[in-house]
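# Chains, contacts and geometry: an overview
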Amino acid sequence: MKLLPNDPMARRGIEPGTVYLVGAGPGDPELLTLRAARLIGGADALVYDHLIGESILDLAPANVRRVFVGKESANHSLPQDDINHLLVKLAQEGLRVVRLKGGDPFIFGRGGEEIQVLARHGIPFEVVPGITAAAGCAAYGGFPLTHRDHAQTLVFATGHLKDNTVDLDWTALARPRQTVVFYMGVAAAKEICRQLIAHGLPADTPAAAIENGTTVRQRVVAATLATLPERIRLDRVKPPALLVVGGVVDLRQCCAWFAPDTADTADAADEAAGHVPAPRIAQSA
């Protein structure tokens, strides 16, 4: 990838023995940053998560050392402590290590935990932000997260805590005139919706699930707090998916623009090849 000669990024090298925590964005490979693409292209070792598309991995050199450490619900290919120490080991070998994460490394990406271990071992590191899933999936789903007629506050929350509970500050999350985005919330959707209603949000508050956001497999299920859990069950919504709660969900009727047709075999072929199909204009949802 060629940058302009006066671009300061062009002078930033890729140093051996350094770990680069790189956000790969929410799914669409064209949402990758320039810095991320350059680092992947110069990596000696690529330590990557679940959901990183082949089209992004293919930016790495042919001889790169690939290590898959992806996590799915109740199915971790490598425990987090082992990942932390793997990064240290690879850097100590003098390798240029790209730790590739979906979304943004610092937004429910455990980037902070990994950096603490790197710092403790004296390993140089750099963080490259990525478009977080909430911003990317909401944009592709037709939800303007901070539309001033509907939301004066935007909150990101996790639907899956470290101790496997969903013990959140429900009073704060149930405040009116705000948008709440729950990461990893599909399995806990029933409890999330129940608690938000119990703490003061009307049962008819708009709510939605976005599955496989920004990709050709994207699905949006729009409902209310009262009906979303059943819609998720009936429509068999599976991770990766986000929950969005708030009045901005209703704006999908005018703001939706990305309408992937999952039955379109041409799009499926494009996706398999790592190409992103041109978006089509959505009809009102």
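For the structure itself, consult the block above.
Residues numbered from 1 in each chain as written. Predicted model: local features only at pLDDT ≥ 70, side-chain atom pairs only at ≥ 80, totals over all residues. Heavy atoms only, no water.

Spatially, five strands are ordered β8-β9-β12-β10-β11 in an open sheet, and the strand pairing comes out mixed. Of all the strands in the sheet, just β8 (153-158) and β11 (219-224) have a single pairing partner and so form its edges. The mean angle between the axes of side-by-side strands here comes to 20 degrees, regardless of whether they run parallel or antiparallel. Sheet topology note: the strand β9 (residues 178-183)/strand β12 (residues 241-245) ladder contains three bridges and is antiparallel. Directly across from Val 180, in β12, lies its bridge partner Val 245. (Pairing = 2+ DSSP bridges. Helix = DSSP H or I, 4+ residues; strand = E, 2+ residues; numbered from the N terminus. Axes fitted to C-alpha atoms, helices over the stretch in contact; angles between N-to-C directions.)

Moving on: helix α3 (residues 80-92). In a regular helix each residue adds 1.5 Å, so 13 residues correspond to 18 Å; α3 covers 19 Å between its end C-alpha atoms and thus fits that length. Directly beyond the C-terminal end of α3, a positive phi value near 85 degrees is found at Gly 94. (Expected span 1.5 Å × (residues − 1).)

Applying the stated rule across the entire model yields six aromatic pairs. One aromatic cluster is present, formed by Phe 108, Phe 156 and Tyr 183 through successive ring pairs. (Phe/Tyr/Trp six-rings, centres within 6.5 Å; stacked < 30°, edge-to-face > 60°.)

Attention shifts here to helix α1 (residues 34-41). Counting buried positions over the eight residues of α1 gives six, a clear majority of the element. Along α1, the positions that sit buried rather than exposed are Arg 35, Ala 36, Ala 37, Arg 38, Leu 39 and Ile 40. Elements in contact with the buried residues of α1: β1 (19-23), α2 (54-57), β6 (97-101) and β7 (125-128). (Buried < 20%, exposed > 50% of the residue type's maximum accessible area, 1.4 Å probe, protein only. Contact = heavy atoms within 4.5 Å.)

Taken together, the five strands give an open sheet; going across it, the order is β3-β2-β6-β1-β7, and neighbouring strands pair in parallel fashion. The strands lining the two open edges of the sheet, one partner per strand, are β3 (65-68) and β7. Averaged over neighbouring strand pairs, the angle between their axes works out to 15 degrees when direction is ignored. The pairing of β1 with β6 spans five bridges and is parallel.

In this section: the state of the cysteines. Taken as a whole and judged by the stated rule, the model has zero disulfides. In this structure Cys 254 is not part of a disulfide, and its nearest cysteine sulfur, from Cys 255, lies 3.4 Å away. Judged by its relative accessible area of 59%, Cys 254 falls in the exposed class. (Disulfide = S-S within 2.5 Å.)

Let us look at the packing of α3 against helix α4 (residues 111-120). Closest axis-to-axis distance for the α3/α4 pair is 9 Å, and the angle between their directions is 45 degrees. The pairing of α3 with α4 is recorded here as oblique in orientation. The two elements α3 and α4 meet at a crossing, and its hand is right-handed. Contact residues: Gln 80, Ile 83, Asn 84, Leu 87 and Val 88 in α3; Glu 113, Glu 114, Val 117 and Leu 118 in α4. (Parallel < 35°, antiparallel > 145°, perpendicular 65-115°, else oblique. Left-handed = near helix turned anticlockwise from the far one by under 90°.)

Here we come to the nonpolar core. Phe 182 and Leu 196 are the most contacted members of the largest nonpolar core, which totals 26 residues. It is helix α7 (residues 189-198) that provides the largest number of residues to this core, a total of four residues. Counting 19 residues, the second largest nonpolar core, distinct from the first, contains Ala 36, Tyr 48, Leu 57 and Val 128. (Core = buried A, V, L, I, M, F, W, Y, C linked by side-chain atoms within 4.5 Å.)

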